[in-house]
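Fold and geometry: a report
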Amino acid sequence: MKLSITPEPVGRSDLRLKLGAWALQCRRRFLWLAGGFRFARQRPENGCSCLCASHRTPLLRRLKDVDMALQHSKVTNLRLAAGRLDGVVLRPGETLSFWKQVGKPTWRKGYREGMILRNGTVASGIGGGLCQMTNLIYWMTLHTPLTVTERHRHGYDVFPDSDRKQPFGSGATCFYNYVDLMIRNDTSQTWRLSLRVGDAYLEGAWYADQPQEHRYEVYEKEHAIQGEYWGGYTRHNSPFRRVFDQAGNQVGDEFITENHAIMMYDPMLPEG
């Protein structure tokens, strides 16, 4: 991975942001209609009983300068989205689109104001916090042979690595409807997504109708923090995954992506 100078972030007016979002949303709806996709959907009956990947993340985190009310509203948003995604079955050749399946988060549907990022600052918005779900789904998918066809990295590194258990840049951000997470089933098996919002954790799993030949281990390379000419810092890395057969022998080492993010905190330790 070759590091390069990152330009200073440019602020956009609210009007420009709204017009740009409207144009991109229209283009995405056209893509859904004319893109030749076969979309996955919820199917009550399936034979997917082989657990292939699972993960869970805490629902509530005490974050500096973030109102806990936004965290509790996020839990409401996650429950609504999980109701649309739990039980989605992905047959061979089908694609799961997070936003196509969840739909637009609106107040009328019960979504509430949760935390979002706007122009690199923490704000609130209807449906905020759903990126916790796309983060979870993306991370689980990296531990399966399913193909991620669209994923957007977080452009900002918001909080320090307190209790981080996954490599930096192992999530996927979302914004209705053009910042999407899309996953295609290029295998010959059928897959089912399971999602549950419990008392303390968002829990997820991928099941298949047959046991899998390989398991995966995600790790990072080339991690770096770089000072920029405009006074800020940027963070970079390249996630990879090791592939093992069922006997534990490593049979592959695959590049996943590159991550580049503007840091919203000072990485330098204070004196003393």
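Before reading further, recall that the structure is shown in the block above.
1. Topic: unusual backbone geometry
With an omega dihedral of -10 degrees, the bond running from Tyr-176 to Asn-177 counts as a cis peptide bond. On the secondary structure map, Asn-177 appears in the loop between β8 (156-157) and β9 (182-184). Positioned with a positive phi, Glu-222 is a non-glycine residue whose angle comes to about 55 degrees. Tracing the backbone through its elements, the reader meets Glu-222 in strand β12 (residues 214-227). Since its relative accessible area comes to 41%, Glu-222 is described here as partly exposed.

2. Points about the packing of aromatic side chains
Taken as a whole and judged by the stated rule, the model has seven aromatic pairs. Both rings, one in Phe-98 and one in Trp-99, keep their centres 5.0 Å apart while their planes meet at 75 degrees; by these two values the pair is edge-to-face. According to the relative accessible area criterion, Phe-98 is buried, its value standing at 2%. Members of the aromatic cluster, joined through ring pairs, are Phe-98, Trp-99 and Tyr-176. Positioned above the aromatic ring of Tyr-201, the side-chain terminus of Arg-56 is 3.8 Å from the ring centre. Note that Arg-242 overlies the ring of Tyr-219, its terminal NZ or CZ placed 3.7 Å from the centroid.

3. Concerning the packing of helix α2 (residues 68-85) against helix α4 (residues 131-141)
Relative to each other, α2 and α4 sit at 50 degrees, their axes nearing to 9 Å. Classed by the angle they form, the pair α2 and α4 counts as oblique. Residues Lys-74, Leu-78, Ala-81, Ala-82 and Leu-85 of α2 lie in contact with α4, whose contacting residues are Gln-132, Met-133 and Ile-137. When its residues are assigned to classes, the contact of α2 with α4 shows six nonpolar, one polar and one charged.

4. Considering the pattern of salt bridges
Close approach of charged atoms allows side chains of opposite charge to pair. One pass over the structure, following the stated rule, counts eight salt bridges. The salt bridge partner of Glu-203 is Arg-196, with a shortest N-O separation of 2.9 Å. Through salt bridges with shared partners, a single network forms among Arg-28, Glu-150 and Asp-180.

5. Topic: the state of the cysteines
Using the criterion set out here, one finds zero disulfides in the structure. In this structure Cys-26 is not part of a disulfide, and its nearest cysteine sulfur, from Cys-174, lies 19 Å away. Take Cys-48: it sits in no disulfide, and the sulfur closest to it among the cysteines is that of Cys-50, at 8.4 Å.

Cut-offs used in this document
- Residues numbered from 1 in each chain as written.
- Predicted model: local features only at pLDDT ≥ 70, side-chain atom pairs only at ≥ 80, totals over all residues.
- Heavy atoms only, no water.
- Helix = DSSP H or I, 4+ residues; strand = E, 2+ residues; numbered from the N terminus.
- Buried < 20%, exposed > 50% of the residue type's maximum accessible area, 1.4 Å probe, protein only.
- Phe/Tyr/Trp six-rings, centres within 6.5 Å; stacked < 30°, edge-to-face > 60°.
- Lys NZ or Arg CZ within 6 Å of the ring centre and 35° of its normal.
- Axes fitted to C-alpha atoms, helices over the stretch in contact; angles between N-to-C directions.
- Parallel < 35°, antiparallel > 145°, perpendicular 65-115°, else oblique.
- Contact = heavy atoms within 4.5 Å.
- Nonpolar A, V, L, I, M, F, W, Y, C, P; charged D, E, K, R; others polar.
- Salt bridge = Lys/Arg side-chain N within 4 Å of Asp/Glu carboxyl O.
- Disulfide = S-S within 2.5 Å.

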